[in-house]
Amino acid sequence: MIQPVAVVGRGDTVTAYVLRSLISHPVVELTPCQAVMGPSGDQHYRAVVVENFDPAQNRGLSPCGAARWELSRRADVTVVSLDDPEGRRFAAQSGGKVYAYSDGRPQADLTAKNVRLRPDRLEFEALTDGELLRVRVPILHGPRLYDYLAALAGALALGAPLNETAARLAAVQ
């Protein structure tokens, strides 16, 4: 049985939409409340990708941050943005397997470099431990760099090759 990949956000997200075209695993979308309190509390996920759309209040965790910690216990790998303070804290303290992405931070597993917005596409260089590849994404949902990076990181965290994943990303409709 193929384990699903969870995307935690507000629902109907660009990240989940794009990720579905990059991987063969089923992708489920959860709100933070569903992730923590939902009926599938024993569900194991191949990977968890958490969009952090709400800032933390009073030095605590945002709802997405709390969901990230909860779901990481039921996932093989957690995909986080190092550009988010909660993502950096999670990567440093979780103790589990983390795949990190960033717009420019070299310590991430996937780093976007030389980001350019063209009239019809978004372009960036995807840098991993052993590869550097120019990625071109059509602007269908707006210039949503972090959504595309999160989806690409989710696929790479599952072992997808960068060149094949980038080609699928370029063909997203």
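Rules used throughout
Residues numbered from 1 in each chain as written. Predicted model: local features only at pLDDT ≥ 70, side-chain atom pairs only at ≥ 80, totals over all residues. Heavy atoms only, no water. Helix = DSSP H or I, 4+ residues; strand = E, 2+ residues; numbered from the N terminus. Rg over C-alpha atoms; globule rule 2.2 N^0.38 Å. Buried < 20%, exposed > 50% of the residue type's maximum accessible area, 1.4 Å probe, protein only. Areas by Shrake-Rupley, 256 points an atom, 1.4 Å probe, with all protein chains shown as cover. Axes fitted to C-alpha atoms, helices over the stretch in contact; angles between N-to-C directions. Parallel < 35°, antiparallel > 145°, perpendicular 65-115°, else oblique. Left-handed = near helix turned anticlockwise from the far one by under 90°. Contact = heavy atoms within 4.5 Å.

**A word on the overall build of the chain**
Along the chain, the regular secondary structure elements total six helices and eight strands. Starting at the N terminus and walking to the C terminus, you meet the elements of the chain as β-α-β-α-β-α-β-α-β-β-β-β-α-α. Since a compact globule built from 173 residues should have a radius of gyration of about 16 Å, the 15 Å found for the chain is in line with a globular shape. Each principal axis of the C-alpha atoms in the chain carries an extent, and together these give about 40 × 35 × 30 Å. Looking at the 173 residues of the chain, the share that counts as buried comes to 46%. Accessible area of the chain: about 8500 Å², with a carbon and sulfur share of 50%.

**Here's the deal with the packing of helix α1 (residues 14-22) against helix α6 (residues 162-170)**
At their nearest, the axes of α1 and α6 sit 9 Å apart, and the two run at 125° to each other. Judged by the inter-axis angle, α1 sits oblique to α6. Crossing handedness for the pair α1 and α6: right-handed. Contacts between α1 and α6 involve Val18, Ser21 and Leu22 from the former and Thr165, Arg168 and Leu169 from the latter.

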